[in-house]
Amino acid sequence: AMKFTEKGSISVNASLDNSKKVLILEVEDTGIGIPSEKLHSIFESFTQVDSSTTRKYGGTGLGLTITKKLILMMNGDIFVESELGKGSKFSIHIPYEGLVHRDSNIHQHWLDLELPDPENFPKCKILLAEDSEENVFIIKTFLRKYPIELVIARNGIDALQKFQNEKFDIVLMDLQMPDWDGLEATKEIRNYEQNQNIDPLLMVPIIAISANVQKEDISKSFLAGITSYLSKPVRKLEILKLIYFYLAL
């Protein structure tokens with residue numbers, strides 16, 4: 001919307017349709033618009049309205065394709081209304097019932113990934129916030145053959161301090177810890193990232209690890225800023241595939 005709107009306005013709205021249990025996101029602009037005969041193809045890879053659009057505005061034509069794939073992973077859909085020369089309106093509908101279930105499409109997506117051999121696994125640095133020596137040992141054992149530098153924080157306060165002082169690719173966050181628990185630590189990490197003007201799309205993935213798998217507990221985790229969720233006992237293949245999923249994004 002920002003790219004194709006040189007003058008006028010852009011509005012972004014979010015609402016809930018509780019009767020259908022759907023989250024609705026709408027982006028409307030007064031930009032160049034899209035010809036009606038092109039509307040059916042704008043979600044296809046490497047598609048822009050015409051060659052002059054590419055020359056003037058740049059880009060690869062992948063943005064809407066990636067957007068639609070992410071939405072479909074969440075069992076949602078995307079719609080567009082547009083008039084040439086007057087602007088466009090994109091509407092995203094995402095069902096919010098079941099999004100945090102472990103058997104959701106997102107979970108299945110990364111679980112179906114083919115894990116590379118340790119020598120082909122991306123190098124990365126991970127912060128593990130965990131107060132249990134036993135759990136630290138288990139996760140270290142799971143990751144020991146892979147090129148992963150693991151830094152340990154024993155509580156939420158320690159996790160925030162290490163996060164502020166070092167650069168990490170992923171955070172593994174136990175939710176039950178002394179002092180600050182995992183939710184409090186996650187909120188503080190997200191506040192720190194916001195204060196550093198980090199783009200929300202570039203914020204470090206935080207994977208919660210917890211024995212609490214009730215819908216209410218999982219929902220609170222996502223509201224605090226958690227990116228994904230693993231239940232205890234953690235399984236080796238699951239944690240490695242989820243780490244690889246976020247490194248490969």
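Refer to the structure above for everything that follows.
Below you will find a few notes about this structure. Residue indices follow the written sequence of each chain, beginning from 1 at its first position. Side-chain atom pairs in this predicted model are given and counted only at pLDDT of 80 or more, local residue features only at pLDDT of at least 70, and totals for whole chains, interfaces and linings cover all residues. Processing note: side-chain calculations cover all non-hydrogen atoms of the structure and skip hydrogens and water entirely.

1. A short note on the packing of helix α5 (residues 156–165) against helix α6 (residues 182–195)
- Here, axes are lines fitted to C-alpha atoms. For helices the fit covers the stretch in contact, and angles between N-to-C directions go from 0 to 180 degrees. A run of DSSP states H or I qualifies as a helix once it reaches four residues; a run of E qualifies as a strand once it reaches two. Both are numbered from the N-terminal end. The interhelical angle for the contact between α5 and α6, taken along N-to-C directions, is 25°, at an axis separation of 9 Å. Taken together, the axes of α5 and α6 are roughly parallel relative to one another. Between α5 and α6 the crossing geometry is right-handed. Residues Gly156, Leu160, Phe163 and Gln164 of α5 pack against Ala185, Glu188, Ile189, Tyr192 and Glu193 of α6.
- Ten residues, namely Ala, Val, Leu, Ile, Met, Phe, Trp, Tyr, Cys and Pro, are considered nonpolar, four, namely Asp, Glu, Lys and Arg, are considered charged, and the remaining ones, Gly among them, are considered polar. Here the residues of the contact of α5 with α6 sort into five nonpolar, two polar and two charged. By definition in this entry, angles of less than 35 degrees are roughly parallel, angles greater than 145 are roughly antiparallel, angles of 65 to 115 are roughly perpendicular, and the rest are oblique. Rotating anticlockwise by less than a right angle from the far helix to the near helix defines a left-handed crossing, while the corresponding clockwise rotation defines a right-handed one. Every residue pair with non-hydrogen atoms within 4.5 Å of one another is taken to be in contact.

2. Describing the side chain of Glu130
- For Glu130, the position within the fold is in the loop between β5 (124–129) and α4 (133–143).
- A relative accessible area of 1% places Glu130 in the buried class.
- From its side chain, Glu130 meets the backbone nitrogen of Ser132 in a polar contact 3.0 Å long.
- Discounting residues that sit within four places of it in the chain, Glu130 has contacts with Asn135, Val136, Ile152, Ala153, Arg154, Asp174, Met177 and Lys232. Only protein chains enter the area calculation, which uses a 1.4 Å probe; residues under 20% of their type maximum are buried, those over 50% are exposed, and those in between are partly exposed. N or O atoms closer than or at 3.5 Å make up a polar contact, with two conditions inside protein: a donor-capable atom paired with an acceptor-capable one, and, for residues adjacent in sequence, both atoms drawn from side chains.

3. Some details on the nonpolar core
- The criterion is simple. A nonpolar core is a set of buried Ala, Val, Leu, Ile, Met, Phe, Trp, Tyr and Cys residues joined through side-chain atoms within 4.5 Å. By size, the foremost hydrophobic cluster in this structure holds 26 residues, and its most contacted members are Leu172 and Ile239.
- For this core, the element with the most residues is helix α8 (residues 236–248), which contributes seven residues.
- Not counting residues up to four positions away in its chain, the partners in contact with Ile239 are Ile139, Phe142, Leu172, Leu230 and Val234.

4. So, the pattern of salt bridges
- For this analysis, a salt bridge means a side-chain nitrogen from Lys or Arg found within 4 Å of a carboxyl oxygen belonging to Asp or Glu. Summed over all chains, the structure comprises eight salt bridges.
- With its nearest N and O atoms 3.7 Å apart, the salt bridge here joins Glu26 to Lys89. Residue Glu26 is located in strand β2 (residues 22–29), and its partner Lys89 is located in strand β4 (residues 87–95); the two are separated by 63 residues in the primary sequence.
- With relative accessibility at 25%, the residue Glu26 sits in the partly exposed group.
- Put simply, Glu193 and Arg190 hold a salt bridge, and the shortest N to O gap is 2.7 Å. In this pair, Glu193 and Arg190 are both assigned in helix α6, three residues apart and thus about one turn of the helix distant.
- Residue class for Arg190 comes out buried when judged on its relative accessible area of 10%.

5. Points about the environment of Lys69
- Looking at the element boundaries, Lys69 is found in helix α2 (residues 63–73).
- The exposure class of Lys69 is exposed, given its relative accessible area of 53%.
- For the pair Lys69 and Phe43, spaced 26 residues apart in sequence, the C-alpha to C-alpha distance is 9.4 Å.

6. Brief notes about the sheet that holds strand β1 (residues 10–17)
- Pairing is antiparallel in the open sheet, where four strands are placed in the order β1-β2-β4-β3. Here the strands that pair on one side only, and so sit at the sheet edges, are β1 and β3 (77–83). Averaged over all pairs of adjacent strands, the angle between their axes in this sheet comes to 15°, without regard to strand direction.
- Summarising the sheet, β3 and β4 pair through seven bridges and their orientation is antiparallel. Of the residues in β4, the one forming a bridge with Asp77 is His93.
- Seen against the sheet, α2 touches β3 and β4 and runs at an angle of roughly 145° to β3. Whether two strands pair comes down to DSSP finding at least two bridges between them.

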